[in-house]
Amino acid sequence: MSKTKEERIKKLKKKHIWPSILGLILILFVFTIIMAVAVGMSAMDIVNRKLADSSRRSEKIAELFVDYSQETADKIAQTALSHVDVLDEIEAVAVYDAERKPVWSSNNTYPSLDDSIKMEFLTVTDAESVGVIIEKDEKQIFTIDDGMIVLAEDAFKHIFSSSVINETGAFANIKLWMVADAGDKEVMVLNNIPVYFQDFMMAGVCLALCGILIAIFVIYYLISIISMVSSMHKTNKVIYTDVLTGGDNWLSFIKKGTSLLNKSKRSGQKYAMLHLEMLKYRSFCTCFGVNKGQELIEKFYLALKNTVNRKEVMAHQENAAFGLLLEYTDTQQFEARIQYIQNVTSSVLPGMKVYFGVGVYLVQPGENDVEQLYNNAMIACEMSGEDTENKIAYFDVEMNNQKLWERRVEDDMERALINREFQVYLQPKISTTEEVLGGAEALVRWIHPTEGFIPPNRFIPIFEKNGFILKLDDYMLEEIARVQAGWLAEGRKLVPISVNVSRAHFTREDLAEHICAIVDKYQVPHDVIELELTESAFFDDKKVLLNTVQKLRKAGFQVSMDDFGAGYSSLNSLKELQIDVLKIDADFFRGADVEERGLLIVSEVIDLAKKLNMKIVAEGIESKEQVEFLTAQECDLIQGYFYAKPMPVTEFAQKYSV
Ligand code: C2E
Ligand code: CA
Ligand code: CA
């Protein structure tokens, strides 16, 4: 597949799904950050407020101990204890003197002042914390002795990660020792701060709102992603579905085939590429209609589908052709399988004989260009020629060379015509009675700038297939008209020169007028131009052929039937077609058993032609005996290597100056 085609298909399939996915990720990310910041800040604020309260409480307690002395000890202790008892949120108080020695404690515990880290209260008060213990259900879950901010964040984190929310009571307690100055003493107060669910109400609401917003966006994006994926799926289906069969189309065949062949590099599995085509499908459509033809292709597809396994691929290609990439182990087993496949497809039309052409290319290790491989299989089928029997043709290198040559010829032909690379050669026709020049045949030669001399059998069949023969024949006719006009002007005696008219011309109804127009450009008498046509033209449009021949003869041209006796000659054509010259094919004079039967037929044909008022030209005559025989049979002209091979016009003019 070409790169641009691949690009176009990719573009068709491409739905911009990534922006949606990225959008979704971005939104989730942004909302998570916003949520985390909002919730974090609100939680920090709550904790900070609670810590500020604790700090104030701690300072109040500390104030009690400003006047603490031996005498006031009992009284102050009493007051302090009553505070501790009354204030739920104070659990213990410990007092240290100026030398930092323990003085008094509400419960006989003295947390170490030395080990504690003095911290600055950023937002609370000037009270100082020496440690935090977070408890839940009497169980200590976390202790901390770091800065306030960290304290607030961590407290929050741990409260949430380890609490079961209970709407009525506190679900966690933050316990912290706070230090406050009391004159020359220091007082440590163990605060027990309950954390309630309600404290986080605002953060919760914020969280819920964010959650709802996120959910809306997520749902929106998910829906758009799902719809994109589904439309991508649908596009893929359209791109890879064959409208005629409803199965894989050719693009899909290439895609799947390439992937199978790539996998086979690892597994070592051998594959064969098959081109399977129903022969005479067009005739079927002409007889039964295009719809029936299309139904037939669908049936073939369904039948073929059942013959391939999961590691193989099959698809409709065009017309009634299918491509199959099949596994195989050995050729014998494989041929049996092809036979089976042919039988299965043939059985689609019970009671009717359908034939298939099968071209096979055995894929070589490492090859994965599906289109190229299929092309090889197709070439194999094409090159084996049309046949009525089911046939299996294997691709070989020679076929490829022939195909390459065809392409080369097609690439060069137009240029060659413009550059006059096609040259006219003339082969004389010698009269048997006087052994003088009685005519000539114009035969083309291609003098290629790089290939050199190319004989017509290497390009004429290609031109006949691609239609270029029409241009070439016109060119040859014009060249001959020009040559004859030149010779006429030089005062030479002219003999008829024949040009070959390919059967492809007989599709145009104005062929006779067309020929006249070319010749008349050079003011050449028509009777010095002979037109050689083959009997095979009869198999095309008989009406056009008969009409054209009639018109040409009326216009004064000589018309000859070329290659009589080669291929499917029939005397019947002689009955219908009124022509001037019969050219007996060289085949009559070749082969082992030619001697008697062949010569007998020749003499009878000559006799018959004479009775029908035709001139006889024998072609391909190489020996004296043949000449003598033909002379005896009163054959008019002889064309063959015995007298001369085809030669360039100038050489001919010199040799046969008359
Ligand atoms: P053709 O029209 O039957 O031409 C006669 C062929 O027999 C020529 O082959 C000629 O060289 C060859 N030939 C003549 N005498 C002998 C002989 O004694 N022995 C042998 N072995 N061969 C002999 P050539 O020139 O190679 O042409 C082959 C065919 O190519 C022609 O067969 C004709 O069908 C086609 N062709 C040649 N030039 C043209 C053209 O300008 N237009 C068309 N449409 N076909 C052409
Ligand atoms: Ca000829
Ligand atoms: Ca011939």
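Every chain is numbered on its own, with residues counted from 1 as its sequence reads. Whichever chain is written first becomes A and whichever ligand is written first becomes 1, with later ones labelled in order. Totals for whole chains, interfaces and linings use all residues, but because this is a predicted model, local features are given only for residues with pLDDT of at least 70 and pairs of side-chain atoms are given and counted only at 80 or more. Side-chain metrics in this entry use all non-hydrogen atoms of the structure; hydrogen atoms and water are not considered.

Peer 1: Teacher, can you tell me more about the sheet that holds strand β7 (residues 271-278) here?
Peer 2: One key point about sheets: their strands pair by backbone hydrogen bonds, in either a parallel or an antiparallel sense. Strand pairing is defined by DSSP finding a minimum of two bridges between the two strands. Numbering of helices and strands starts at the N terminus; helices are DSSP runs of H or I of at least 4 residues and strands are runs of E of at least 2. Strand order in the open sheet made by the five strands is β8-β9-β7-β10-β11, with mixed pairing throughout. Of all the strands in the sheet, the pair left with one neighbour each is β8 (313-316) and β11 (391-394). Ignoring which end each strand starts from, the neighbouring axes of this sheet average 15° apart. Here strand β10 (residues 356-362) pairs with β11 via four bridges, running parallel. Looking at β11, one finds that G357 is bridged to K391. Lying on the sheet, helix α9 (residues 331-346) is in contact with β7, β9 (321-327), β10 and β11; it crosses β10 at an angle near 150°. Note on definitions: angles span 0 to 180 degrees between N-to-C directions of axes, and those axes are lines fitted to C-alpha atoms, for helices only across the stretch in contact. Contact between two residues is taken to exist if any of their heavy atoms lie within 4.5 Å; hydrogens are not considered.

Peer 1: Explanation requested: the site of ligand 1 in the structure shown.
Peer 2: Not every one of the 22 residues close to ligand 1 is listed here, only the nearest: Q427, R445, D473, E622 and Y641. A distance of 3.1 Å separates an oxygen atom of ligand 1 from a polar side-chain atom of E441. In this structure, D562 approaches ligand 1 through a side-chain N or O atom, which is 3.1 Å from an oxygen atom. To be clear on the numbers: accessible area is Shrake-Rupley with a 1.4 Å probe, and residue cover counts the displayed protein chains and nothing else. Taking 790 Å² as the accessible area of ligand 1 by itself, protein coverage stands at 80%. Buried and open spaces are told apart on a 1 Å grid over the protein atoms alone, a cavity being a set of points where a 1.4 Å probe fits but cannot get out and a pocket being an open set with protein on both sides within 12 Å along at least five of seven lines. Residues with an atom within 4 Å of a point are the lining residues. A pocket or cavity is taken to hold a molecule when more than half of that molecule's atoms are within 2 Å of the pocket's grid points. With respect to the detected pockets, ligand 1 is housed in the largest pocket. The nearness test applies per residue and asks whether one of its heavy atoms lies within 4 Å of the molecule or strand. Whenever two N or O atoms come within 3.5 Å, that pair is a polar contact, provided that in protein one can donate a hydrogen and the other can accept it, and provided that, for residues adjacent in sequence, both atoms are side-chain atoms.

Peer 1: Whenever I open this one, empty space enclosed by the protein confuses me. Can you help?
Peer 2: Unfilled space is identified by rolling a water-sized probe across the atoms. Grid points are joined across faces, edges and corners, and a volume is the space filled by probe spheres set on the points. Counting across every chain of the model gives three cavities of 30 Å³ or more. Of the voids in this model, the largest cavity is the one considered here, and its volume is about 70 Å³. D473, D474, L477, V499, N500, V501, H505, L511, H514 and I515 together form the lining of the largest cavity. For the lining of the largest cavity, the secondary-structure elements that each account for two or more residues are α13 (469-489), β15 (497-501) and α14 (511-520). Lys, Arg, Asp and Glu make up the charged group, whereas Ala, Val, Leu, Ile, Met, Phe, Trp, Tyr, Cys and Pro make up the nonpolar group; the residues left over, Gly among them, are polar. Of the residues that constitute the lining of the largest cavity, the class distribution is five nonpolar, three polar and two charged.

Peer 1: When you look at the nonpolar core in this model, what are you seeing that I'm missing?
Peer 2: Looking at soluble globular proteins, one finds that nonpolar side chains tend to be buried together. Only buried Ala, Val, Leu, Ile, Met, Phe, Trp, Tyr and Cys residues count toward a nonpolar core, and they belong to the same one when joined by side-chain atoms within 4.5 Å. Type-normalised accessible area, obtained with a 1.4 Å probe on protein chains alone, sets the label of each residue: buried when under 20%, exposed when over 50%, and partly exposed for intermediate values. Judged by nonpolar contacts, the single largest core of 82 residues is most densely connected at F422, F459, F463, L472, L582 and L630. Setting aside residues up to four positions removed in sequence, L582 forms contacts with M561, F564, L574, V605, A609, M614, K615, I616 and V617. In terms of nonpolar packing, the next biggest core, distinct from the first, is built from 30 residues, M314, A320, F322 and V358 among them.

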